[in-house]
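A closer look at the structure
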Amino acid sequence: MGASAASGLQMLAVRPGIPACKQMFGSTSAVSAFGRALCTRTVFASRARTTTPGPLISSTHSRFAVRAMSQSGAQGLPIDLRGKRAFIAGVADDNGYGWAIAKALAAAGAEILVGTWVPALNIFETSLRRGKFDESRKLPDGSLMEIAKVYPLDAVYDTIEDVPEDVKRNKRYAGASNWTVKEVAETVKNDFGSIDILVHSLANGPEVTKPLLETSRKGYLAAISASSYSFVSLLQHFLPIMNPGGASISLTYIASERIIPGYGGGMSSAKAALESDTRVLAYEAGRKGKIRVNTISAGPLGSRAAKAIGFIEKMIDYSYVNAPLQKELSADEVGNTAAFLVSPLASAITGSTIYVDNGLNTMGLALDSPTLST
């Protein structure tokens with residue numbers, strides 16, 4: 001989470017030999033049944049000098065609030081999404097940022113709906129049903145993330161009239177229905193009435209490995225359509241069923257503003273458009289529906305989708321060597337940031353690009369450059 005978001009939070013300093021729960025509540029006699037449950041189920045290192053912010057688990061098995069403890073430890077600041085419903089577009093496996101965001105929102109108590117690319121739908125639902133994702137579905141309280149419903153979705157098409165005949169006849173779309181953006185929004189409305197949170201975790205550039213000078217018009221426009229306009233379309237169609245005070249987030253990348261050789265095919269342009277659209281949509285959705293709109297500029301992650309770029313492992317290594325924080329970025333860190341951004345704690349944040357990349361975006365010189373060693 002960015003420094004500006006974390007500046008108001010304090011980590012609880014644990015005194016050696018004294019259980020964290022006693023420091024929080026004063027004495028064990030003052031600890032309620034709820035508090036005792038926290039002390040027994042939450043991992044606090046009683047002999048460590050400090051702890052990192054972690055989840056406090058409620059007595060209910062499926063919902064809990066993530067809390068960052070204030071200095072006094074009396075109340076804490078809850079990331080509490082109980083009673084909220086989230087639609088996450090672009091979840092097709094269990095190792096990307098979309099999945100991590102879904103888990104973080106579920107951990108904070110939100111009800112989870114996902115939109116999965118139609119050709120990947122069968123494999124995704126089968127894997128869920130057979131328990132292949134059970135290990136990665138585990139939440140901090142030991143329960144499994146529940147997905148209320150999986151919707152087929154192809155966000156490249158707004159309405160069924162936009163779908164070419166060859167796509168309609170494609171066997172990968174056989175058996176699926178109501179998967180255009182408009183149809184999905186209408187189906188969600190019929191099923192659940194409304195949502196509070198909209199997450200855009202979609203990107204595709206068919207010519208991503210080509211330099212921009214070699215990118216075709218068709219490839220360029222396809223990247224823009226799938227990676228940036230899809231967010232406009234989703235918000236356009238879901239806004240009427242979003243409750244006032246809700247929030248929407250998307251995922252962008254530093255290539256929007258810096259040159260990343262190899263990240264081609266118009267994808268850098270698509271990310272730049274996405275960030276610009278975030279600012280405009282923040283104004284329009286804020287005025288029209290009291291909805292906040294932000295985007296997360298995440299660092300490189302070795303997800304299945306990212307491997308299409310071809311050199312993702314080198315990008316991860318580069319980030320590790322050159323970022324201010326020398327550690328591998330985890331998907332959970334992006335998920336936690338998303339949970340904060342859609343929560344009431346971020347009620348005044350909109351139209352912003354939030355960097356979650358171990359600080360790599362701040363660097364102006366590569367520390368591993370051969371010129372520095374000569």
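Not measured: the values here are computed from a predicted model.

Regarding the environment of A176
With respect to the helices and strands, the residue A176 is situated in the loop between α6 (165–169) and α7 (181–192). In sequence terms A176 and L121 are 55 residues apart; their C-alpha atoms lie 9.0 Å from each other.

Notes on the nonpolar core
In terms of nonpolar packing, the biggest core is built from 45 residues, with I88, L105, I112, F124, I147 and I296 touching the most fellow members. Membership of the second largest hydrophobic core comes to 26 residues, among which are V188, L235, I291 and V293.

Some points on a nonpolar patch on the surface
Together, L212, Y220 and L221 make up a nonpolar patch on the protein surface, roughly 270 Å² of accessible area in all. Here L212 shows up in the loop between β6 (195–200) and α8 (217–238).

Comments concerning the packing of aromatic side chains
Enumeration according to the criterion identifies 8 aromatic pairs in this entry. Through a chain of ring-to-ring contacts, the aromatic side chains of F87, Y151 and F238 assemble into a single cluster.

Side note on the packing of helix α4 (residues 97–107) against helix α11 (residues 331–341)
How two helices pack is summed up by the angle between their axes together with the distance between the axes. Two elements in contact, α4 and α11, have axes whose closest approach is 8 Å; the angle formed by their N-to-C orientations is 50°. Classed by the angle they form, the pair α4 and α11 counts as oblique. The two elements α4 and α11 meet at a crossing, and its hand is right-handed. Note on element contacts: α11 touches α4 through A331, D332, V334, G335, N336, A338 and A339, opposite Y97, A100, I101, A104 and L105. Its residues placed into classes, the contact of α4 with α11 shows 9 nonpolar, 2 polar and 1 charged.

Here's the deal with empty space enclosed by the protein
Following the criterion strictly, the structure yields 1 cavity of 30 Å³ or more and no others. In terms of lining residues, the largest cavity is bounded by P300, I316, S319, Y320, K327, E328, L329 and N358. Taken together, the residues of the lining of the largest cavity sort by class into 4 nonpolar, 2 polar and 2 charged.

Describing the pairing of strand β8 (residues 292–298)
Burial analysis of β8 places 7 of its 7 residues in the buried class, the great majority of the element. Here β8 shows two buried faces, one formed by R292, N294, I296 and A298 and the other by V293, T295 and S297. Two strands pair when backbone bridges link them, and strand β7 (residues 242–252) and β8 are joined in this way by 6 bridges, in the parallel orientation. Bridging from a neighbouring strand, A247 pairs with R292 of β8. In the classification by handedness, the crossover that spans β7, the intervening helix α9 (residues 267–289) and the parallel β8 is right-handed. Here 4 bridges tie β8 to strand β9 (residues 353–356), and the two strands are oriented parallel to one another. The partner of A298 across the bridge, within β9, is V356.

Topic: the packing of α7 against α8
Contact geometry for α7 and α8: axes closest at 9 Å, N-to-C directions at 35°. Taken as a pair, α7 and α8 cross one another with a handedness that is right-handed. Note on element contacts: α8 touches α7 through S233, L234, H237 and F238, opposite V181, K182, V184, A185 and V188. Across the contact of α7 with α8, the residue classes tally to 6 nonpolar, 2 polar and 1 charged.

Notes on the side chain of K271
Note on placement: K271 falls in helix α9. This buried residue, K271, is left without a salt bridge; E275 holds the nearest opposite charge, at 8.0 Å. Not counting residues within four places of it along the chain, the set of residues in contact with K271 comprises A203, L251, T252, Y253, S256 and Y263.

Some thoughts on helix α10 (residues 312–322)
Of the positions making up α10, those classed as buried are I312, M315, I316, S319 and N322. Mapping the buried residues of α10 onto a view down its axis gives an arc of 150°, with all of them on the same face.

Observations concerning the confidence of the model for the protein chain
Per-residue confidence for the protein chain averages 83 on the pLDDT scale, and 77% of its residues sit at or above 70. A low-confidence stretch, residues 1–74 (pLDDT under 50), is modelled with 107 contacts involving residues beyond four sequence positions or located in other chains.

Some points on the environment of V188
Mapped onto the fold, V188 is located in helix α7. Sequence-wise, V188 and K149 are 39 residues apart; in three dimensions their C-alpha atoms are separated by 9.4 Å. Every residue in contact with V188, bar those within four places of it in the chain, is listed here: F87, L113, Y151, G193, I195, F238 and I241.

A short note on the side chain of D141
Here D141 is to be found in the loop between α5 (118–129) and β5 (147–153). Among the polar contacts made by the side chain of D141, one reaches the side chain of S143 at a distance of 2.7 Å.

Things to note about the sheet that holds β7
Taken in spatial order, the 7 strands line up as β5-β4-β3-β6-β7-β8-β9 in an open sheet, and their pairing is parallel. Pairing within the sheet leaves two strands with one partner each, and these edge strands are β5 and β9. Neighbour-to-neighbour, the strand axes of this sheet turn through a mean angle of 20°, independent of strand direction. Across 4 bridges, strand β3 (residues 85–89) lies against β6 in parallel orientation. Bridging across to β6, I88 finds its partner in V199. The sheet strands contacting α4 are β3, β4 (111–117), β5, β6, β7 and β8, and the helix crosses β3 at an angle near 175°. Against the sheet, α11 touches β7, β8 and β9, its axis set at about 165° to β8.

Reading guide: rules and limits
- Residues numbered from 1 in each chain as written.
- Predicted model: local features only at pLDDT ≥ 70, side-chain atom pairs only at ≥ 80, totals over all residues.
- Heavy atoms only, no water.
- Helix = DSSP H or I, 4+ residues; strand = E, 2+ residues; numbered from the N terminus.
- Core = buried A, V, L, I, M, F, W, Y, C linked by side-chain atoms within 4.5 Å.
- Buried < 20%, exposed > 50% of the residue type's maximum accessible area, 1.4 Å probe, protein only.
- Patch = residues over 30% accessible without salt bridge, like charges linked within 9 Å, V, L, I, M, F, W, Y side chains within 5 Å.
- Areas by Shrake-Rupley, 256 points an atom, 1.4 Å probe, with all protein chains shown as cover.
- Salt bridge = Lys/Arg side-chain N within 4 Å of Asp/Glu carboxyl O.
- Phe/Tyr/Trp six-rings, centres within 6.5 Å; stacked < 30°, edge-to-face > 60°.
- Axes fitted to C-alpha atoms, helices over the stretch in contact; angles between N-to-C directions.
- Parallel < 35°, antiparallel > 145°, perpendicular 65-115°, else oblique.
- Left-handed = near helix turned anticlockwise from the far one by under 90°.
- Contact = heavy atoms within 4.5 Å.
- Nonpolar A, V, L, I, M, F, W, Y, C, P; charged D, E, K, R; others polar.
- 1 Å grid on protein atoms, 1.4 Å probe; cavity = no way out; pocket = protein on both sides within 12 Å on 5 of 7 lines; lining within 4 Å.
- Points joined across faces, edges and corners; volume = space filled by probe spheres on them.
- Pairing = 2+ DSSP bridges.
- Right-handed = clockwise from strand over helix to strand, strands pointing away.
- Lys, Arg positive; Asp, Glu negative; His and termini not counted.
- Arc of directions from axis to C-beta.
- pLDDT = per-residue confidence, 0-100.
- Polar contact = N/O pair within 3.5 Å; in protein donor to acceptor, adjacent residues only side chain to side chain.

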